[in-house]
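In case you want the letters, here they are:
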Amino acid sequence: MPIRADLAKAPDFMRWTVEGEWPSIDEQRALRLALVQSGQLTAATRALIDLRMAANIPQYDELGATVRAALRDGGLPSRRAYLVGSAAQHGLVRQLQALAEGSAVTIAIFSNEAEALLWLQK
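The structure displayed is predicted, hence computed values, not measured ones. (Residues numbered from 1 in each chain as written. Predicted model: local features only at pLDDT ≥ 70, side-chain atom pairs only at ≥ 80, totals over all residues. Heavy atoms only, no water.)

*Asks:* Just give me the short version of the packing of helix 2 (residues 60–72) against helix 3 (residues 87–100), but keep the residues and values in it.
*Replies:* Two elements in contact, helix 2 and helix 3, have axes separated by 10 Å at closest approach and are oriented at 45°. Of the possible angle classes, the one that applies to helix 2 and helix 3 is oblique. Regarding helix 2 and helix 3, the two cross each other, and that crossing is right-handed. In contact with Y60, L63, G64, V67 and L71 of helix 2, helix 3 contributes L92, Q95, L96, L99 and A100. Of the residues that constitute the contact of helix 2 with helix 3, the class distribution is eight nonpolar, two polar and no charged. (Axes fitted to C-alpha atoms, helices over the stretch in contact; angles between N-to-C directions. Helix = DSSP H or I, 4+ residues; strand = E, 2+ residues; numbered from the N terminus. Parallel < 35°, antiparallel > 145°, perpendicular 65-115°, else oblique. Left-handed = near helix turned anticlockwise from the far one by under 90°. Contact = heavy atoms within 4.5 Å. Nonpolar A, V, L, I, M, F, W, Y, C, P; charged D, E, K, R; others polar.)

*Asks:* How would you summarise empty space enclosed by the protein if you had to cite specific residues and measurements?
*Replies:* One pass over the full model with this rule turns up one cavity of 30 Å³ or more. One number sums up the size of the largest cavity: a volume of about 320 Å³. Considering the residues around the largest cavity, the lining is formed by 22 residues, among which W16, Q28, T66, R80 and Y82 are closest to the centre. Where the lining of the largest cavity is concerned, the elements lending two or more residues are strand 2 (13–20), helix 1 (25–37), strand 3 (46–54), helix 2, strand 4 (79–83) and helix 3. Of the residues forming the lining of the largest cavity, the biggest block, five residues, is contributed by helix 2. Classifying every residue of the lining of the largest cavity gives 18 nonpolar, two polar and two charged. (1 Å grid on protein atoms, 1.4 Å probe; cavity = no way out; pocket = protein on both sides within 12 Å on 5 of 7 lines; lining within 4 Å. Points joined across faces, edges and corners; volume = space filled by probe spheres on them.)

*Asks:* Which residues make up the pattern of salt bridges, and what values do they have?
*Replies:* Going through the model one piece at a time under the given rule, you end up with seven salt bridges. Across the salt bridge formed by E113 and R15, the nearest N and O atoms sit 2.6 Å from each other. Placement of E113 in helix 4 (residues 113–121) and of R15 in strand 2 is noted, with a sequence separation of 98 residues between them. When its relative accessible area of 27% is taken as the criterion, E113 is described as partly exposed. (Salt bridge = Lys/Arg side-chain N within 4 Å of Asp/Glu carboxyl O. Buried < 20%, exposed > 50% of the residue type's maximum accessible area, 1.4 Å probe, protein only.)

*Asks:* Talk me through the nonpolar core; I want residue IDs and the actual numbers.
*Replies:* One finds W16, L51, Y82, V93 and I107 to be the most contacted residues of the largest nonpolar core, which totals 24 residues. The set of elements that each furnish at least two residues to this core consists of strand 2, helix 1, strand 3, helix 2, helix 3 and strand 5 (106–110). Ignoring anything within four residues of it in the chain, the contact list for V93 reads L51, Y82, V84, I107 and I109. (Core = buried A, V, L, I, M, F, W, Y, C linked by side-chain atoms within 4.5 Å.)

*Asks:* Mind laying out the side chain of T66, listing which residues take part and the relevant values?
*Replies:* Tracing the chain through its elements places T66 in helix 2. Among the residues examined, T66 registers a relative accessible area of 10% and is labelled buried. For T66, the contacting residues outside a window of four places in its chain are I25 and Q28.

*Asks:* Describe helix 4, naming the residues involved and giving the relevant values.
*Replies:* Those residues of helix 4 that fall on the buried side of the exposure criterion are A116, W119 and L120. Down the axis of helix 4, the buried side of the element spans an arc of 100°, and every buried residue falls inside it. With respect to the buried face of helix 4, the exposed residues turned more than 90 degrees away are L118 and Q121. Where helix 4 begins, the side chain of N112 points an oxygen toward the backbone nitrogen of A114, at a separation of 2.9 Å. (Arc of directions from axis to C-beta. Polar contact = N/O pair within 3.5 Å; in protein donor to acceptor, adjacent residues only side chain to side chain.)

Here you go:
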């Protein structure tokens, strides 16, 4: 799977790293549901999601379907800091923010990991 999950501090904090090809909606959903079922992903979980090694990003319609699926499943994690390394990745996360507007999900965009971690601690 193109998502590597560091769960050492779960359920309080987790780090997801997207490496290579963008994960499918089904892959993302399977990971999310497995983490919820195991108790490692809760409403209080804070996540650092690192997109810097992603080889590609999804089109807007696929992104919308992904967000709708995640919100149907509870929208977890509800507090997310995204690490980006390109303008395209920044634009992707801006789309995520817009699609999640009005939900309980809080999303912030960072290019600096230390700043992202500080924001997650607030």
